[in-house]
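Read off the chains here:
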Amino acid sequence: MIKLLHAADFHLDSAFSALPPDRASQRRQEQRLALQALSGLCREHGCDAVLLSGDLFDGVRVYRDTLDALRQFFADCGADVYIAAGNHDYLSPGSPYLTERWPENVHLFPSEKITKYKQGQLHIYGASFTAPEMPPLLEGFHAEDPQAVNVMVLHGELSPNSPYAPLTTAQIAASGLQYLALGHVHAGSCACAGKTTYAYPGCLMGRGFDECGQKGALLVTLDGCLMGRGFDECGQKGALLVTLDGCECRTEFLPIPTRRYELLEVPAGDDPLAAVLAALPEDTQNDCYRILLTGESDPVALPSLERTLAPRFYSLSLRDRTLPKTDLWAGCGEDTLRGHFLQELKAAYDIADERTRRILAQSARMTLALMDGREVTL
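Novice: Explain the overall build of the protein chain here, please?
Specialist: Looking only at helices and strands, the protein chain features eight helices and 17 strands. Here the protein chain, with 378 residues, has 49% of them falling under the buried criterion. Restricting the contact set of the protein chain to residue pairs at least 6 apart, pairs at least 24 apart contribute 67%. For the protein chain, the accessible surface area stands at approximately 17,700 Å², while carbon and sulfur atoms represent 51% of it.

Novice: Teacher, can you tell me more about the pattern of salt bridges here?
Specialist: Oppositely charged side chains can form a pair if their charged atoms are brought close together. All chains considered together, the criterion is met by 14 salt bridges. Measuring nitrogen to oxygen at the nearest pair gives 3.0 Å for the salt bridge that ties Arg27 to Glu30. Taken together, the residues span about one helical turn, with Arg27 and Glu30 both in helix α1 (residues 21–44) at a distance of three residues. In this structure, the salt-bridge partner of Asp287 is Arg260, at a minimum N-O distance of 3.3 Å. Taken together, the positions of Asp287 in the loop between α5 (272–279) and β14 (288–294) and Arg260 in the loop between β12 (240–244) and β13 (261–267) put the pair 27 residues apart, joining distant regions of the chain. A relative accessible area of 6% places Asp287 in the buried class. Three or more residues joined by partner-sharing salt bridges are found here, namely Arg64, Asp68, Arg71 and Glu100.

Novice: Sorry if this is basic, but what is going on with the side chain of His6 here?
Specialist: Following the sequence through the fold, His6 ends up in strand β1 (residues 2–7). Judged by its relative accessible area of 0%, His6 falls in the buried class. Looking at His6, its side chain comes within polar contact range of the side chain of Tyr179, at 2.8 Å. Polar contacts involving the side chain of His6 include one to the main-chain carbonyl oxygen of Leu182, which spans 3.0 Å.

Novice: Explain the sheet that holds strand β5 (residues 115–119) to me, please; I cannot follow it from the model alone.
Specialist: Strand-to-strand pairing in sheets goes through backbone hydrogen bonds, with the strands running parallel or antiparallel. Read from one edge of the open sheet, six strands run β5-β6-β7-β8-β10-β9, paired in mixed fashion. Both outer strands of the open sheet, β5 and β9 (189–193), are each paired with one neighbouring strand and no more. When the angles between neighbouring strand axes are averaged without regard to direction, this sheet yields 20°. Where β5 and strand β6 (residues 122–126) come together, five bridges link them in antiparallel fashion. Note that in β6 the partner of Tyr117 across the bridge is Ile124.

Novice: Looking at this model, I keep getting lost on the nonpolar core. Mind explaining?
Specialist: Ranked by size, the top nonpolar core spans 33 residues in total, and within it Phe10, Val50, Leu52, Leu70, Phe73 and Phe74 carry the most contacts. If you list the elements that add at least two residues to this core, you get β1, α1, β2 (49–52), α2 (64–76), β3 (80–83) and β4 (106–108). Contact partners of Leu52, with chain neighbours within four places excluded, come to Ala7, Phe10, Phe73, Phe74, Val81, Tyr82, Ile83, Ala84 and Val153. Counting 19 residues, the second-largest nonpolar core is a separate cluster that includes Met134, Leu138, Ala143 and Tyr200.

Novice: What exactly am I supposed to notice about the pairing of β6 here?
Specialist: Remark: a regular strand shows side chains that alternate across the two faces of the sheet. β6 sits mainly inside the fold: five of its five residues count as buried. Residues Leu122, Ile124 and Gly126 of β6 are buried on one face, and the alternating residues His123 and Tyr125, pointing to the opposite face, are buried as well. Between β5 and the antiparallel strand that follows it, β6, lie two residues; Gly120 among them carries a positive phi value of about 65°. Pairing of β6 with strand β7 (residues 149–155), which is carried by five bridges, proceeds in the parallel orientation. Residue pairing for β7: Tyr125 is matched across the bridge by Met152.

Here is what the cut-offs are and how they apply
- Residues numbered from 1 in each chain as written.
- Predicted model: local features only at pLDDT ≥ 70, side-chain atom pairs only at ≥ 80, totals over all residues.
- Heavy atoms only, no water.
- Helix = DSSP H or I, 4+ residues; strand = E, 2+ residues; numbered from the N terminus.
- Buried < 20%, exposed > 50% of the residue type's maximum accessible area, 1.4 Å probe, protein only.
- Contact = heavy atoms within 4.5 Å.
- Areas by Shrake-Rupley, 256 points an atom, 1.4 Å probe, with all protein chains shown as cover.
- Salt bridge = Lys/Arg side-chain N within 4 Å of Asp/Glu carboxyl O.
- Polar contact = N/O pair within 3.5 Å; in protein donor to acceptor, adjacent residues only side chain to side chain.
- Pairing = 2+ DSSP bridges.
- Axes fitted to C-alpha atoms, helices over the stretch in contact; angles between N-to-C directions.
- Core = buried A, V, L, I, M, F, W, Y, C linked by side-chain atoms within 4.5 Å.

Here is the structure:
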């Protein structure tokens, strides 16, 4: 049995420009700490190799602290490491991949041409970006030895018109690989093309509200009758643990605890503060939230509301998406379709119990929205 730890899209030294400078610096430090959790996973599961599918760095500028943390991760993980550079950390002349001295267990795919490393029965193919954009890299490829355990490390996008090493499921199915370790897409997923399982582990740590939720990982065991399993974008960011043995296929979630980004929609009602507090889960202090206030409401005092709520979060932004309150029964009795509709509904409303009144009021709001050509919101 061969165990692989697959991770990608660390985006170390991201700007975190939406946060104040001190918190942005703290988040970059937390990215470095996430590497320790990753090496712990590698040792815990006894992995034979680590597959890193590009964009370890967010750009050309890399802090010395980050390089030291990455070097420590390589030294501590207890396995050989195979790196395919991506579009953010492509192999430019000043790339840290080329200018730094890395431990002997680190193996870089040196060009855009697919090359191979051998580790016993495990054959690891891969290629790196040498520019911010790359043509197809997998096209025409087929593994050389069908008796070996063939895997590939690649940064690329499943989109035929993508400028980022586009690939197709037909190319994957024809590759002769057991496993294709992909990077570039920040949402985790796992699927099959022919007899090849391919997966994106997602980014290692959420950095914005397009990378929401508690992210995680997959433990995958591969054979010739594959069935992919996916996990959605919102979840614990982490790595992908892969187990290969030729007799079964299974997946297992592997979390890396980091701060979460969460989007929350809350109908503001008559008391926006009470509505938000009622909608919040427990233990939000360490996470970044964006709360969208919706529905009909009196004008919302956002600055005051944000000051009250801010201590409950690591970071909070509020968005007012409410509509101004309207007199629900305005126009009732007019000699129009709208007036006759409201008159009939109001007669039923006046004699109804509280629960039925809520249903009738919601029906009136939805129907009036349709009459006015507005979006219907529940």
